[in-house]
Every structure is written in C-alpha cells, then in structure tokens.
Amino acid sequence: MSTDSEIMRRSLDHPSAFAEVFDRHARAIGAYAARRVGPDAAEDVLSETFLVAFRRRAAFDRNAESALPWLFGIASRLVRTHRAREARQWRTYEASVSRSEHVQADETEELHSRLDAEAEVHRLAGRIAALSTQDRDTLLLHAWGDLTYEQIAEALRVPVGTVRSRLNRVRRRLDDSRSTRIRREDVDGRLA
C-alpha cells in the first residue's frame, strides 16, 4: 500500500492519482467539518480542503507518511472563514437547553440519564464557543478529529508543547466552570 507521500509525489505527474488521497481521508475531513460548521457548510469545507490540497500538493512535506494532519490543518483554516455561521450554530445549540422539555416522573431512568448527558453537552457548548479560536480549534481537532497531540501540532503549525498547554488550559476552564456550577448548586440547596 502506498503512503500518502508517495501518492502526492505521483500526483504531480499524474493528477488523477490525487483521488486516492481523497478516498482515504474525505470521510474524516467531512465529519470534522460537519461538526465544526454544520452539515450545510461541511460539504463546502470538504470540497475547498481538497481543492486547496490539490493545488498545493507540490508543497506537501514528503517526510510525512500521512496527509491527514495536513488536510486537517487546511480544513481548520477554512473553518475560520465560516466563523460567523459556526458562532450562530453554538448560540442556537446553547439556547436549545433553555427550551428543553421537562421530563415526566414516570419515564425510565435511561431517558433521565440521556437527558442529563445532553444537558451537560448543551451547557458546555456555550463555554466551548467562548474559547479563543486557537483553543477551540485545538480542542475540537482532539475531540472530533481524534488527532494525537503531534498531529494537532502539525495541523495547526505549532509546537507540540503549545498543543499540550492549550488542551490543559481548556480542561481547566471547563472543569472550573463545572466546579463553579456545583458550588452554586450546593449554596442554593442549603438556602432552600
């Protein structure tokens, strides 16, 4: 099986060979784009990512076996052009928590558990949206792109230490937000 680097090299003389890179990585890039900008814009980000990659294939680092981190980097930069749409999506997502339906007492415990998990995700949506662009990109490449620290560093063109620092900072912020909420609930419970 050919490495992505070999395929990229071959595609310089035979452009149709680039289709192999698309076939290997389109699903991962498309899924990442859908989570970042929503399904409507994801197809545009996916198409643009591979168009940019095709045009810049001569600049691909031939020492890298996989093009996936490089493609994620291109996709992340393209996502920034869709920031307004993404911000609206996060605000809508967060607002949906306030409109969630009340659970009836006779419903199953599984439903309660699922709703609690959904509420936690909804609660975090606003906090994620409030992160800096760099922190949000790093977090979502890790969580949704399932990239290693090294791959995130390559995708964002930053040192691995920067990735580690950003993820640590994001975890602390999300944990601090949770602790603050729990402390408020304890105080409110004591006052009741």
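Residues numbered from 1 in each chain as written. Predicted model: local features only at pLDDT ≥ 70, side-chain atom pairs only at ≥ 80, totals over all residues. Heavy atoms only, no water.

With an unreviewed UniProt entry as reference, the chain is termed RNA polymerase sigma factor, source organism Microbacterium resistens. If you open the UniProt record of the chain and go to Sequence similarities (unreviewed entry), you find "Belongs to the sigma-70 factor family. ECF subfamily." (UniProt positions renumbered as here; feature names shortened; annotations may be inferred.)

Further remarks concern the packing of helix α6 (residues 133-143) against helix α7 (residues 149-156). Relative to each other, α6 and α7 sit at 135 degrees, their axes nearing to 10 Å. As summarised for this structure, α6 and α7 are arranged oblique, according to the angle between their axes. The crossing of α6 and α7 is right-handed. Along its contact with α6, which presents Asp137, Thr138, Leu141 and His142, the element α7 presents Tyr149, Ile152, Ala155 and Leu156. Split into classes, the residues belonging to the contact of α6 with α7 amount to 5 nonpolar, 2 polar and 1 charged. (Axes fitted to C-alpha atoms, helices over the stretch in contact; angles between N-to-C directions. Helix = DSSP H or I, 4+ residues; strand = E, 2+ residues; numbered from the N terminus. Parallel < 35°, antiparallel > 145°, perpendicular 65-115°, else oblique. Left-handed = near helix turned anticlockwise from the far one by under 90°. Contact = heavy atoms within 4.5 Å. Nonpolar A, V, L, I, M, F, W, Y, C, P; charged D, E, K, R; others polar.)

By the secondary structure assignment, Arg57 is in the loop between α2 (19-55) and α3 (68-81). Among buried Asp, Glu, Lys and Arg side chains, Arg57 stands out as unpaired, with Asp13 the closest opposite charge at 8.0 Å. Of note is the side chain of Arg57, whose polar atom sits 3.1 Å from the side chain of Ser11. A polar atom in the side chain of Arg57 sits 2.8 Å from the backbone oxygen of Phe54. Excluding residues that lie within four positions of it along the chain, Arg57 makes contacts with Met8, Ser11, Leu12, Pro15, Phe18 and Trp70. (Buried < 20%, exposed > 50% of the residue type's maximum accessible area, 1.4 Å probe, protein only. Lys, Arg positive; Asp, Glu negative; His and termini not counted. Salt bridge = Lys/Arg side-chain N within 4 Å of Asp/Glu carboxyl O. Polar contact = N/O pair within 3.5 Å; in protein donor to acceptor, adjacent residues only side chain to side chain.)

By the burial criterion, the buried members of helix α1 (residues 4-13) are Asp4, Ser5, Ile7, Met8 and Ser11. The buried residues of α1 occupy an angular sector of 160 degrees when projected down its axis, which confines them to one face. (Arc of directions from axis to C-beta.)

Glancing now at unusual backbone geometry. For residues besides glycine, phi is generally negative; the peptide bonds are generally trans as well. Despite not being glycine, Asp146 shows a phi value in the positive range, around 55 degrees. Tracing the backbone through its elements, the reader meets Asp146 in the loop between α6 and α7. Taking relative accessible area as the criterion, Asp146 reaches 65% and is therefore assigned exposed. Unusually for a residue other than glycine, Arg157 sits at a positive phi of about 60 degrees. Its location among the elements puts Arg157 in the loop between α7 and α8 (160-191). Residue classification places Arg157 among the exposed residues on the basis of a relative accessible area of 60%.

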